[in-house]
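One-letter residues, chain by chain:
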Amino acid sequence: QVRLVESGGGLVQPGGSLRLSCAASDLIFSINRLEWYRQAPGKQRDLVATISTGGYTNYAGSVKGRFTISRDNAKNTMYLQMNSLKPEDTAVYYCSAISPTTLRYWGQGTQVTVSS
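Attention in this report is confined to the structure presented alongside it. This is a predicted model, so every value here is computed, not measured. (Residues numbered from 1 in each chain as written. Predicted model: local features only at pLDDT ≥ 70, side-chain atom pairs only at ≥ 80, totals over all residues. Heavy atoms only, no water.)

This brings us to the overall build of the chain. Scanning the chain from terminus to terminus reveals zero helices and eleven strands. Along the chain, helices and strands appear, N-terminal first, in the series β-β-β-β-β-β-β-β-β-β-β. In terms of C-alpha radius of gyration, the chain reaches 13 Å, essentially the compact-globule figure of 13 Å for 116 residues. Each principal axis of the C-alpha atoms in the chain carries an extent, and together these give about 40 × 25 × 25 Å. Counting every position in the chain, which comprises 116 residues, the buried fraction comes to 42%. Excluding contacts between residues fewer than 6 apart, the proportion of contacts in the chain whose partners are at least 24 apart in sequence is 53%. (Helix = DSSP H or I, 4+ residues; strand = E, 2+ residues; numbered from the N terminus. Rg over C-alpha atoms; globule rule 2.2 N^0.38 Å. Buried < 20%, exposed > 50% of the residue type's maximum accessible area, 1.4 Å probe, protein only. Contact = heavy atoms within 4.5 Å.)

Encoded structure:
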């Protein structure tokens, strides 16, 4: 059974940094497109960043230049480095993997709170 497990969330002051990790089991990571989403209270789940199997990345405008998505296929893990965090980045962050047959898998989410 495929499992995605996020870690690295927490409370950070504005301007601070966090690195989220997403570890996968029973999944051939290298053939999946990987994505990070976030969902703030009372809002829809929004796409934050994407990384293709070839390493091409794409970001939401609100995080471009501050967040970096990366993947380590050998470790079956992907990351989201978040710098210059703002209070509006506060949300539950979810990782997702999409197989070549378009099956989508989700992690359970990790809370990120940006507050002084």
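With that settled, consider the sheet that holds strand β8 (residues 77–82). Taking strand neighbours across the sheet as the criterion, the four strands line up as β1-β3-β8-β7 in an open arrangement whose pairing is antiparallel. This sheet does not close on itself; its edge strands, each paired only once, are β1 (3–7) and β7 (67–72). Here the average twist between neighbouring strands, direction ignored, is 15°. One ladder, built from six bridges, connects β7 with β8; its direction is antiparallel. Across the sheet, residue threonine 68 finds its bridge partner in β8, namely glutamine 81. (Pairing = 2+ DSSP bridges. Axes fitted to C-alpha atoms, helices over the stretch in contact; angles between N-to-C directions.)

Counted residue by residue, strand β4 (residues 33–39) has five buried out of seven residues, so it is predominantly covered. Relative to strand β5 (residues 45–51), β4 runs antiparallel, the two being bridged by six bridges. Of the residues in β5, the one forming a bridge with leucine 34 is isoleucine 51. Between β4 and β5, which pair antiparallel in sequence order, lie five residues; one of them, glycine 42, sits at a positive phi of approximately 75°.

Under the defined criterion, the tally for this structure stands at two aromatic pairs. For the ring pair tyrosine 94 and tryptophan 106, a centre distance of 6.5 Å and an interplane angle of 90° mean the geometry is edge-to-face. In this pair, tyrosine 94 sits in strand β9 (residues 91–98) while tryptophan 106 sits in strand β10 (residues 104–106), placing the two residues twelve residues apart along the sequence. When its relative accessible area of 36% is taken as the criterion, tryptophan 106 is described as partly exposed. Among the aromatic residues, ring-to-ring pairing joins Tyr37, Tyr94 and Trp106 into one connected group. A cation over an aromatic ring shows up here: arginine 45 above the ring of tyrosine 94, its NZ or CZ 3.6 Å from the ring centre. The ring of tryptophan 106 has arginine 45 lying over it, and the distance from NZ or CZ to the ring centre is 4.7 Å. (Phe/Tyr/Trp six-rings, centres within 6.5 Å; stacked < 30°, edge-to-face > 60°. Lys NZ or Arg CZ within 6 Å of the ring centre and 35° of its normal.)

What follows covers the nonpolar core. What tends to happen in soluble globular proteins is that the nonpolar side chains get buried as a cluster. Counting residues in hydrophobic clusters, the biggest one holds 27 residues, and the most contacted among them are Trp36, Leu80, Met82 and Tyr93. Discounting residues that sit within four places of it in the chain, methionine 82 has contacts with Gly16, Ser17, Leu18, Leu20, Arg66, Phe67, Tyr93 and Val112. (Core = buried A, V, L, I, M, F, W, Y, C linked by side-chain atoms within 4.5 Å.)

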